[in-house]
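Results of the structural survey
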Amino acid sequence: MSWWGRLWRRRKMEQQLEKELRFHIEEHAADLIARGVDPAEARRQARLAMGGPEQVKELCRDARGTRWLEDLLQDARYALRIFRNNPGFTAVALLTLALGAGATTVMFAVINGVLLKPLPYPQPARLVAVFGHSATWNAAVFGEQKLAYLDFLDCQRQSRSLDMAGSVFDGGTVSEPGEPEYVDLREISPDLFSVLRVKLALGRSFLPAEDRIGATPVMIVGYGFWQRHFAGKPEAIGASVTLDQKRYTVVGIAPAGFRLYGEEADVYTPLGQDEVGYLRNRQAHPVGVIARLRPGATLPQAQAELELIAQHLAAEYSDTNAGRTFRVQPLHPDVGDAGATLWLLLGAVSLVLLIACANVASLLLARAVSRERELAMRAALGASRGRLARQCITESAELGLAGSALGILLAAAGIRPFVAFWPGSLPRAEQVHLDWRVLLFALSVGLVGGFLFGLAPALRVPSRELERTLRSGARTVTGGSRRLHAAFVISELALAVVLLASAGILGRTLLRLASVNPGVDVRNVLTARVALSPDVLANPARIPAAWQDLLERARRVPGVHSVATVDTVPMRTGDNPLGYWTTPAVPPENKRPMALSSSASPDYLKVMRIPLLAGRFFNEEDRLGSQPAIVIDEVMARQAFGNQPALGKRLWLPDMPCVRPAPQPPPGSGAAGAAGAGETSVPCSNPFTVVGVVGHVRYWGLAGDDQAQLRAQFYYPFAQVPARFLPRWSQLMSIAIRTDVPPLGLVEGLRHELRGATGDQVLYAVHTLEQLASDSLAEQRFLLLLLGIFAALALLLACVGIYGVLAYLNGQRMPEFGLRMALGATAGDVLRLVLRQSVKMVLIAVAIGLFAAMAAGRLLERLVAGVQSLEPLTLAMMIAVLLVAALLASFLPARRASRIDPMQALRQE
């Protein structure tokens, strides 16, 4: 019979074993009776000759190979009876484990979904990202370089190891169907969905013939856009959508939840249909490239192939591609800074789990001490030390698994609230849910935890001096047991010190940052992006007047005090770093100092109330054709000119487009009257004159600005942006409005007023400056809340632990206390004796926890913006909280010990 057969048919085999043993005994007895032995004596001798039926049964059971599992099942059933007979202990232990395991499971579920899960595409390991690379590119500031569109087409055509697809982020205004709406647009190559192997919900992808200028305008709409504008009806295929005054035919619907680079777009259009000039310029690199390795191709082969293609392009287009190459990297989810925060929280919640395990271990150890007589009796009856230890570990493992099961239920209820509470939007939130990895993790936590906190009782299994143990019972507490109990309490308190110190650091950081001057007056300021009418954007000569009209319309809204335009709003996502130099001999791009650039209208300082430290801000004289003007902040003034006055100094900004005089057109050409006809825009070789110095603005937020790699700032007049760049600049511009009333109350009035004469201008991305300032501290508040909860939970568990240990030890020492009091000790003496023991454990725990808290402080300083080194005052306050809580937890058992009756205590002995 197989092993499984012997296991599942063990009852039948027990019956057969019983019959066989009875048969052998009866046969032997019959043989003895035939020899003349008395029947009763014959049966006695037969049993003796067999060696004892039960011992023989045990040997036969061992020979089956299933004994260990049978013993395990027996131990599990016995553990269930033990827990059922001790409901109070079981409830406390399970609740403690469920809280620790549940919180840990929630954090692992989020980490699993955000960081560990592969991308949600078939064969994600075959997907790669392709980047550009050149020696002069400043990757530390700008990130990985994308590809020029023409370079992408060459690579796509020549590559034999990669199927490549490109995309460009953009935006536009949909005027039909429905009300005008600004939408997120992705211009994509026709094979994007096939490279990702994503099946559209309805319709088809773009055809190669549609990916060229002049082809029929077609569109794939996102799932959310389909639901909003077409109510999810299949009739959307073939419908018309007007985007930027161009009518497109819907040919496909993207699947639900499809995200490109982590974001869900509203509409997709063919990249090749875009007539914009920078797509035909190899100096611009706007195309993000995703590729899939073809069957049999490897990453090194693809890299070598693209390097060879880059060499050919550099030789053919030496003016734009000299020194440029391409890099291939595995495609990974882009989660930003969320990864570091998640690992930090997992570490914090793991400390809570360790405290919970130490607490349960202490409870199990107390039970093991009280069960010493029972275990000694089992050992006296023949049970081995290993058998008894296995029984103890089985009990703790069963407790751990039950706690994990409850923790999984808590995690199932807590995952969605945790994701919703995450500051901003959690990357890949749609991937966060309970799956087999999370369940396996939770059960593993239960098993490992059960083994760890079951070791202490297992090591106390008696193996020597059994008679003494049976006589003394459970009233004797050895020094080793006391030390082990104290070690558990000290470990709990030390871990609680780490969490309390971390919460204290974040709390003090938040208080300090909340009082930081952001550099602007955030009260009563509304910021929003404005999508100008597509008809205006199609004619750059009309854009300046359109912006002026928009400002005039905004000023007419009741409650508006002042209004200005700006492209980079403080503390909002988005920046435009540019390199500069103080002499015409500008160094290479990756060697130049960088500064944040912002184009603004003259009233910007008035709206934001940024202090003017020297000189002036822009005025109506700063326009096209006049001397390029620039206003710098105090950080850039020190960085560029040191202690010298900055006013009147010149700065060279080679990446800034500017205007220089151009030859006049021939008479009668009709171009002389056009706006900007006598000027041409080029990369600026003329210097900018510093006309003013203003205060520093914390563009990176209240927390992140001090540690930002790029802090210097400068402003230039929006009126000096060349006409050819105005369509792109207008897509980036925002309005900033200072109000005399609560800003959000003006939103609807502004939306209506700013629609313009054609009714298709859209106000979107509306925020108050107070909201942006508050949101810049959202991560710190989030971490403070969670670490505060973890610290409170750890402190509670530690106090429960110290209370339980002292209550148990005092109960075992009642005869000692009675004897002390009989010999003259007062209640106060006993109270001080118990509290002295508690204070000693707390002080040892604080000393150990201090070193770990300092390490945790340095970790927070590295991972959380705005956190400074651990301050002694903060640490002292948190330790004081721990001391007060620990003494309160110790007082009740100490007070109970001091009020015992000496005679009654001595009678117990």
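Residues numbered from 1 in each chain as written. Predicted model: local features only at pLDDT ≥ 70, side-chain atom pairs only at ≥ 80, totals over all residues. Heavy atoms only, no water.

In terms of regular secondary structure, the chain is built from 31 helices and 23 strands. With 909 residues in all, the chain has 50% of them scored as buried. Of the accessible surface of the chain, which amounts to about 42100 Å², a share of 59% is contributed by carbon and sulfur atoms. (Helix = DSSP H or I, 4+ residues; strand = E, 2+ residues; numbered from the N terminus. Buried < 20%, exposed > 50% of the residue type's maximum accessible area, 1.4 Å probe, protein only. Areas by Shrake-Rupley, 256 points an atom, 1.4 Å probe, with all protein chains shown as cover.)

Summarising the element assignment, Leu299 is placed in helix H11 (residues 299–316). For the pair Leu299 and Gln329, spaced 30 residues apart in the sequence, the C-alpha separation amounts to 7.9 Å. Apart from the residues lying within four places of it in its own chain, the contact partners of Leu299 are Val128, Leu293, Val328 and Pro330. (Contact = heavy atoms within 4.5 Å.)

Looking now at the packing of aromatic side chains. How two aromatic rings sit relative to each other is given by the distance of their centres and the angle of their planes. According to the stated counting rule, one finds 18 aromatic pairs in the structure shown. Both rings, one in Phe714 and one in Tyr716, keep their centres 6.4 Å apart while their planes meet at 40 degrees; by these two values the pair is tilted. Tyr716 sits in the buried class, given a relative accessible area of 4%. An aromatic cluster of three or more residues is present, and its members are Phe418, Phe421, Trp422 and Phe782. For Lys649, the ring lying beneath its charged end belongs to Phe641, and the centroid distance is 5.9 Å. (Phe/Tyr/Trp six-rings, centres within 6.5 Å; stacked < 30°, edge-to-face > 60°. Lys NZ or Arg CZ within 6 Å of the ring centre and 35° of its normal.)

Let us look at the packing of helix H8 (residues 149–158) against H11. Helix packing geometry: the angle between the two helix axes and the distance between the axes. Interaxial distance between H8 and H11 falls to 10 Å at its minimum, and their mutual angle equals 130 degrees. As far as their axial angle goes, H11 and H8 are oblique. The element H8 and its partner H11 pack so that their crossing is right-handed. Side by side, H8 and H11 meet where Asp151, Asp154, Cys155 and Gln158 of the first sit next to Glu305, Leu306, Ile309 and Leu313 of the second. The residue makeup of the contact of H8 with H11, split by class, is 4 nonpolar, 1 polar and 3 charged. (Axes fitted to C-alpha atoms, helices over the stretch in contact; angles between N-to-C directions. Parallel < 35°, antiparallel > 145°, perpendicular 65-115°, else oblique. Left-handed = near helix turned anticlockwise from the far one by under 90°. Nonpolar A, V, L, I, M, F, W, Y, C, P; charged D, E, K, R; others polar.)

Right, let's get into the pattern of salt bridges. Here the structure, examined in full by the defined rule, presents 31 salt bridges. Note that Arg437 and Asp435 form a salt bridge whose closest N and O atoms lie 3.7 Å from each other. Take Arg437: its relative accessible area is 32%, and that puts it in the partly exposed class. A relative accessible area of 10% means that Asp435 is categorised as buried. Between Asp603 and Arg555 there is a salt bridge, and its shortest N-O distance comes to 3.4 Å. (Salt bridge = Lys/Arg side-chain N within 4 Å of Asp/Glu carboxyl O.)

Counting across every chain of the model gives 4 cavities of 30 Å³ or more. Roughly 100 Å³ of volume is contained in the largest cavity. Taken together, 13 residues make up the lining of the largest cavity; nearest its centre are Thr173, Tyr182, Ala531, Leu537 and Gln731. Only strand S2 (162–176), strand S11 (525–531), helix H19 (534–537) and helix H24 (726–732) provide two or more residues apiece to the lining of the largest cavity. (1 Å grid on protein atoms, 1.4 Å probe; cavity = no way out; pocket = protein on both sides within 12 Å on 5 of 7 lines; lining within 4 Å. Points joined across faces, edges and corners; volume = space filled by probe spheres on them.)

In this section: a nonpolar patch on the surface. There is a patch of nonpolar side chains on the surface, built from Val448, Phe451, Leu452 and Leu455 and spanning about 350 Å² of accessible area. Tracing the backbone through its elements, the reader meets Leu452 in helix H16 (residues 436–459). (Patch = residues over 30% accessible without salt bridge, like charges linked within 9 Å, V, L, I, M, F, W, Y side chains within 5 Å.)

Glancing now at the confidence of the model for the chain. The predicted model of the chain averages 84 in pLDDT, with 86% of residues at 70 or higher. Here residues 659–683 is modelled with pLDDT under 50, and outside its nearest four sequence neighbours on either side it reaches 31 contacts, counting other chains as well. (pLDDT = per-residue confidence, 0-100.)

Taken together, the buried positions of helix H28 (residues 814–822) are occupied by Met814, Pro815, Phe817, Gly818 and Met821. One face of H28 carries all of its buried residues, which in axial projection span an arc of 160 degrees. A positive phi of about 120 degrees marks Gly824, the residue just after H28. (Arc of directions from axis to C-beta.)

With respect to the helices, strands and loops of the structure, Asp705 is situated in the loop between helix H23 (701–704) and strand S21 (713–717). Put simply, Asp705 and Met571 are 134 residues apart on the chain and 9.3 Å apart in space, counted from C-alpha to C-alpha. In this view, Asp705 contacts His696, Val697, Arg698, Tyr699, Trp700 and Arg711; residues no more than four positions away in its chain are not counted.

This part is about the pairing of strand S12 (residues 560–566). Across the 7 residues of S12, 6 count as buried, placing the element largely inside the fold. In this structure, S12 lies alongside strand S22 (residues 734–739), joined through 6 bridges in antiparallel fashion. By the bridge assignment for S22, Ala564 is matched with Ala736. (Pairing = 2+ DSSP bridges.)

Okay, H8 next. Turning to H8, its buried residues are Tyr149, Asp151, Phe152, Asp154 and Cys155. Buried residues along H8 sit in contact with S2, strand S9 (288–293), H11, helix H12 (318–321) and strand S10 (324–330).

Looking at where Thr269 falls in the secondary structure, it is placed in strand S8 (residues 267–270). When its relative accessible area of 3% is taken as the criterion, Thr269 is described as buried. Apart from residues lying up to four places away in sequence, Thr269 is in contact with Leu185, Arg186, Glu187, Ile188, Phe206, Val218, Met219, Leu243 and Tyr248.

Looking now at unusual backbone geometry. With an omega of 0 degrees, the peptide bond between Glu176 and Pro177 qualifies as cis. For Pro177, the location among the structural elements is in the loop between S2 and strand S3 (181–188). You will see that Ala231, though not glycine, has its phi angle at about 55 degrees, which is positive. You can see Ala231 is positioned in the loop between helix H10 (223–230) and strand S6 (240–243). Among the residues examined, Ala231 registers a relative accessible area of 52% and is labelled exposed. Unlike most non-glycine residues, Asn524 shows phi in positive territory, near 55 degrees. With respect to the helices and strands, Asn524 occurs in the loop between helix H18 (479–514) and S11.

With 86 residues, the main nonpolar core has Leu345, Phe418, Phe790 and Ile802 as its most contacted residues. Those elements that provide at least two residues to this core are helix H6 (87–116), helix H13 (338–370), helix H15 (385–421), H18, helix H27 (778–812), H28, helix H29 (827–863) and helix H30 (872–898). Top contributing element to this core by residue count: H27, with 17 residues. The residues touching Ile802, leaving out its near neighbours within four places in the chain, are Val489, Leu493, Ser838, Met841, Val842, Ala886, Ala889 and Ser890. (Core = buried A, V, L, I, M, F, W, Y, C linked by side-chain atoms within 4.5 Å.)

Between H29 and H30, whose axes approach to 9 Å, the crossing angle comes to 150 degrees. One way to sum up the angle between H29 and H30 is to call them roughly antiparallel. Helix-helix and strand crossings are classified by hand; for H29 and H30 the assignment is right-handed. Two secondary-structure elements touch here, H29 through Ala827, Val830, Leu831, Val834, Leu835, Ser838, Val839, Val842, Val846, Leu850 and Ala853 and H30 through Leu875, Ile879, Leu882, Leu883, Ala886, Leu887, Ser890, Phe891, Ala894, Arg895, Ala897 and Ser898. Residues of the contact of H29 with H30, tallied by class, amount to 19 nonpolar, 3 polar and 1 charged.

Let us look at the environment of Gly559. Tracing the backbone through its elements, the reader meets Gly559 in the loop between helix H20 (543–556) and S12. Remark: the alpha-carbon pair of Gly559 and Pro742, spanning 183 residues in sequence, is separated by 8.7 Å. If sequence neighbours within four positions are ignored, Gly559 has contacts with Arg738, Thr739, Asp740, Val741 and Leu746.

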